Amino acid sequence: MAKKLGVYICGGCGISDALDVDKLCGVATKEFKVENCKSHPFLCGEEGAKLIAQDIQEGTNTAVIAACSPRAKMDVFNYGPSVYVERVSLREQVAWVHPPKDEDTQMLAEDYLRMGLARAQKAEPPEPFSETIDKTILVVGGGIAGMTSALEAAKAGYNVCLVEKEPSLGGWIAKLRKQYPKHPPYRELEDTGIDACIKELEGNSKIKVFTGAEIEKIEGAPGMYNVSLRQKGAATSLKIGSIVQATGFKPYDPGKLEYLGYGKYKDVITNVQMEEMAQKGKITRPSDGQEVSSVAFIQCAGQRDPAHLAYCSAFCCMTSLKQALYVTGQNPDAQVYIFYKDMRTPGQYEDFYKRVQEEPGVFLAKGDVKGISEEGGKVTVEVYDVLLGENIAVNVDLVVLAAGIVSNSMPEVAPKVEAVTPDGEKKVTEIVSDSGRYATPALHLQYRQGPEIPTLKYGFPDSHFICFPYETRRTGIYAAGCVRQPEDIAASMDDAAGAALKAIQCVEQTARGQAVHPRTWDKSYPSLFMQRCTQCKRCTEECPFGMYNEDDKFNPLPNPTRCRRCGICMGSCPERIISFKDYSVDIISSMLKVIQVPEPDEEKPRVVAFLCENDAYPALDMAGINRITYNPFIRVIPVRCLGSVNIVWIADSLSKGIDGILMIGCKHGDDYQCHFVKGSELASTRMGKVQETLQRLVLESERIRVEEISISEFKKIPQIFDEFMEKIKSVGPNPYKEM
Amino acid sequence: MSPAVPDKETVDIIREMGGGTLKICYQCGTCTGTCPWNLVRTFLPRRMMHRAQLGLIDFGDKDIWTCATCGACAVRCPRGVEMIDVIRAMRKVIAEMGVAKVPDSLRVSVKNISYVGNPQGEPEKERGSWAQDLGVKPFAPGTELLYYTCCIPAFDAKVRRIARATVGILNKVGIDYGVLGAKERCCGESVRKSGNETIFQELAKGNIQAFAESGVKRVVVNSPHCYHTFKKEYPELGAEFEVIHLSQLLDQLIREGKLKFSKEIKKKVIYHDPCYLGRHNEIYDEPRRVLQAIPGVQLMEFQSSRKSSVCCGGGGGRVWMETPKEERFCDLRLKEAIDAGADVLAVACPYCMLMFDDSLLSIGKESTIEIKDISELVLEAL
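Residue indices begin from 1 for each chain and proceed along its sequence in written order. Numbering of ligands from 1 and lettering of chains from A proceed in the order in which they are written. Given that the model is predicted, a residue must reach a pLDDT of at least 70 before its local features are reported, and side-chain atom pairs must reach 80 or more before they are shown or counted; all residues, however, enter totals for whole chains, interfaces and linings. The basis for every side-chain value is the complete set of non-hydrogen atoms in the structure, without hydrogens or water.

**Q** What is the right way to look at the interface of chain A and chain B in this model?
**A** Bring the parts together and some accessible area is lost; that lost area is often taken as the interface size. Between two residues, a contact is recorded if the distance between any of their heavy atoms is within 4.5 Å. At the junction of the two partners, chain A supplies 25 residues and chain B supplies 20 residues. Between chain A and chain B, a total of about 2000 Å² is buried, with carbon and sulfur atoms accounting for 57% of that surface. The term salt bridge refers to a pairing of a side-chain nitrogen on Lys or Arg with a carboxyl oxygen on Asp or Glu at a separation within 4 Å. Across the contact surface, chain A and chain B share two salt bridges. N or O atoms within 3.5 Å of each other form a polar contact, as long as, within protein, one can give a hydrogen and the other can take it, and as long as residues adjacent in sequence are counted only when both atoms are side-chain atoms. Counting every contact that joins chain A to chain B gives 11 residue pairs in polar contact (both at pLDDT 80 or more). Elements represented by at least two residues in the side of chain A that touches chain B include exactly strand 15 (335-340), helix 10 (349-358), strand 16 (362-375), strand 17 (378-385) and strand 18 (390-396) of chain A. Think of it as three bins: nonpolar holds Ala, Val, Leu, Ile, Met, Phe, Trp, Tyr, Cys and Pro, charged holds Asp, Glu, Lys and Arg, and polar takes everything else, Gly as well. In the side of chain A that touches chain B, the residues fall into 13 nonpolar, four polar and eight charged. Accessible area, probed at 1.4 Å, shrinks when two parts are joined; the buried area is that loss added up over both. Numbering of helices and strands runs from the N terminus, with a helix taken as a DSSP run of H or I at least four residues long and a strand as a DSSP run of E at least two residues long.

Below you can see the structure in the form of structure tokens.
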């Protein structure tokens, strides 16, 4: 469709005080030959809005609105899916942060308008990817998390398929005699309620339960997964929209802690064995079957020990307190000792802790276990009581080790791969945890990047702990319960509901052809100009979400519903063949090309700053709202993720005479804040390489800088700008200016 | 050293003796961080609680007798452990079961109380002699108010001034009151805190009976310790009389206009909250209002006052025990009052007076500051 452009310049909020609006209009009408350029003192008001609406009715299909930030007044300047709107931020990025009626301020505004025009000329309104979508939700795992997810999704009106590999539902919770209190006054043990839960689930017509079933493979993408099941030898196939993985945990093997005597002494057992015994009835000594009259619980059997489980398992303190009551309930004269590192009973659980302390036979001590030995039918536990500063010893019938949680996605043995070294030598190396191949098989995904969801170093799925809980690095697959993080029943149920909602959002968004979090409004998706593809695999390797599969000839096969629209593949592509309708290598290059670069003797350097739209760009807006002034020689370009920055933009900028390039994104590393997990990490790796190239070309590597900030650090942005400009000043003008 | 073996029986005894809340201690150490002893020496209530929790109590440990029962730890304890009850239970095991030695001076004082009804060991019949020249009536049936004299003002030559000032005020105001003299005995509050439950019960029952026989309905006391036990412990043993602290009575009289001042006391007066009046019974405002009502008085506050007031060191039987000179936190309190520029340190408790008087002598600052009971100040201004 032919572009019909309208340019609208707002004079409100101080813009006309700071800028020569008529001169600005001249940029559009004279330089860009736009016929229709209007200005209005108050564009977002009724009259101003009518002005634009009128033009659109008369055929304008592309509106360049030079007013406030694109993050403001989104509802006002929205003309439906067929009109492309380009926003030029004259308010937050020009009028509010630079001196009024200043030459440099005017030049900045004019450049921004040029850049907006360049973009508007090339960008198209996105058309959604549309496919027939199945909204059924697959829940993998029939423990408390899986069952809760299934019930929650069904209650919200969705069909659910629940797959459990054991012959019956329930998981760990079905093995409990009682659960610790979940209700006020948090003093007495409660029934687990599991039978009622299973009954409700089985009676729900929206839920189809497959017990004794395993997944053979999952093909496809959100909204159109094909799931192959094998149940009691028979194969079934399911059409699925999105997936909740609630595959639970296994207890850590305390046999690895030799000094605790597990496996050596019969009367040293785990909390799991204790629970089994309690559920069957009497708590007795495994060695002679006698009822116990004294028990010692040892907390942290490996937990919070860097050599074993570096993390807290969240439920074991409460479980030992609960099991202590089993013992005193069976024999009121029994003596129970709990030796702990720290008692961790958060929130209302504190009341239960207190209640168990009140029990006459229960004794607690903070200490380190020095040794466990057996003599005369009793187990002696020697503990250094840190609060007494001396050793104490107890002779007990039974020792219970509070075993911790290992995520079921943690592989028993780290998988290895045979690789060829650069010298041509074959070598077996361990697969890194952060890959889709480092996990215990559960989903059998037919993804190029591996069959399971990528995990973190402890085997938990890479599910951002603050910003994006439940999400994993596979769009449409959400983790819940102990597979995701160590947690107890109540927290698992919360998790389960959260993951179910995420799964529902996914199928709904997918049905609309929109992305899931964080670009939930986004209908664009990447298209590949395959004739020029060199099968380099950069896009298939670098997509954090495993969006691309591959055909036999190594051509990338996009699965648009797996895509989060970050553009990392676009940034990765050396052939620049990956584009979105409104975001492409060419669009940004055009923006770079229209920036006016003054002659070196004018001493007006130019710097391009690529700012991540997730944190850095909103932070820049906040700096604007707070009227924090900064250097006017910087031209900011918002990018979907720093990972979407293609290095050709660096080359384009430098060859044009731009003096420096700044990139500001989110934090990367173990506690990353990157909204697309790997984007800022990839950006810094790529830029590191670009810097090397620059040095080879005798260009100063200081001309490129990558910075990372969080959304709240808006005060830092002007500082970063000013410091970088100082650096550019000391490096001197880009020698390519004169070429 | 072979490791200690926790002993449930000992814990059970402490629980039976009234120290049951020790079970819920979770060892945060707020008590140790709060205890005033740590201003002058190391004293670890937290560790003491943990020892007791495991039944690993060393009954020969002198620190069992160290606690002044000031209650500063208990009001801050996040778990509601009644530390004083636990300490009292341990002392009870020693005093009543004879498992270890009771400090000599305490033993003598308690013995005196048990024999003659006062810690000083003075003849019982002399209990009323402090009032000989003051025209005080013996309490007779129908008398409105009993002035119960604590043993300290009754027998201690220096502290006697509290009792004399008290009746001076009562006489001037014209209240219908009387004293029981030899018929009353020590209230037993500190006797109980030092673990001597049996003697306490005898004392309490004796007093309850004496009060009942004389028809006592309302009692005014100087000592917050008497106040505490009369108010909180005697009723369980059958007492039916009402008790009021002198500061409350004075406050009431001032407000009713029955007590009018005619003189000015142009002095800076700093008020020390007695633990048993403040923390234990939450009477903070009445003594302050009384002092503020005296013309000319400029009332000052300690940095730590009211709920956070620092003990004089005299509670829990400590008043009868020797405290090494360098370990008296009472001295610190007095120095703070002097540094603050106060002319008078006002107290509302005979134990506090006794302790501060001692401190004043030992730090040699008699000319810098005076120690006065609020009754003395009120009488001066009448």
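**Q** Sorry if this is basic, but what is going on with the environment of Gly 255 of chain A here?
**A** Residues and elements named next belong to chain A. Residue position: Gly 255 is located in the loop between strand 12 (249-251) and strand 13 (268-270). Owing to a relative accessible area of 34%, Gly 255 belongs among the partly exposed residues under this scheme. Counting along the chain gives 185 residues from Gly 255 to Pro 70, while the straight-line C-alpha distance between them is 59 Å. Three exposure classes are used, based on accessible area relative to the maximum for each residue type with a 1.4 Å probe and protein chains only: buried under 20%, partly exposed in between, and exposed over 50%.

**Q** Would you mind showing me how to read the domain arrangement of chain A here?
**A** Residues and elements named next belong to chain A. Each domain of chain A was delimited in the assignment, giving domain 1 (1-125), domain 2 (137-248 + 430-511), domain 3 (251-407) and domain 4 (584-739). Just so you know, the domain bounds were taken from an automatic or database domain assignment. For domain 1 and domain 4, the distance between their C-alpha centres works out to 24 Å. Taken together, the contacts link 23 residues of domain 1 with 29 residues of domain 4. Both faces combined, the contact of domain 1 with domain 4 buries some 2400 Å², and carbon together with sulfur accounts for 58% of it. When the buried area of domain 1 at its contact with domain 4 is split by residue, Trp 96, Val 97 and Met 115 rank highest and sum to 24% of it. Across the salt bridge formed by Asp 111 and Arg 635, the nearest N and O atoms sit 2.7 Å from each other. Where domain 1 touches domain 4, the interface holds 12 residue pairs in polar contact (both at pLDDT 80 or more). Elements with a contribution of two residues or more to the side of domain 1 that touches domain 4: helix 4 (91-95) and helix 5 (103-122). Here the side of domain 1 that touches domain 4 is composed, by residue class, of 10 nonpolar, four polar and nine charged.

**Q** So what exactly am I meant to see when it comes to the pattern of salt bridges here?
**A** For side chains of opposite charge, pairing can occur when their charged atoms come near one another. One pass over the structure, following the stated rule, counts 83 salt bridges over all chains. Lys 678 of chain A serves as the salt-bridge partner of Asp 434 of chain A, at 3.1 Å between the closest nitrogen and oxygen. Within this pair, whereas Asp 434 of chain A is found in the loop between strand 22 (426-430) and strand 23 (477-479), its partner Lys 678 of chain A is found in the loop between strand 30 (660-665) and helix 17 (679-696), the two being separated by 244 residues in sequence. Using a relative accessible area of 27% as the deciding quantity, one classes Asp 434 of chain A as partly exposed. Residue classification places Lys 678 of chain A among the buried positions, given a relative accessible area of 16%. Across the pair Asp 285 of chain B and Arg 306 of chain B runs a salt bridge, and its minimum N-O distance is 2.8 Å. Taken together, the residues span a long stretch of sequence, with Asp 285 of chain B in helix 13 (residues 285-293) and Arg 306 of chain B in the loop between strand 6 (298-301) and helix 14 (329-339) at a distance of 21 residues. Exposure remark for Asp 285 of chain B: the relative accessible area of 35% places this residue in the partly exposed category. Taking the relative accessible area as the measure of exposure, Arg 306 of chain B reaches 32% and is therefore partly exposed. Here the salt bridges do not stand alone but share partners, grouping Lys 23, Glu 31, Glu 110, Asp 111, Arg 114, Arg 606 and Arg 635 of chain A into one network.

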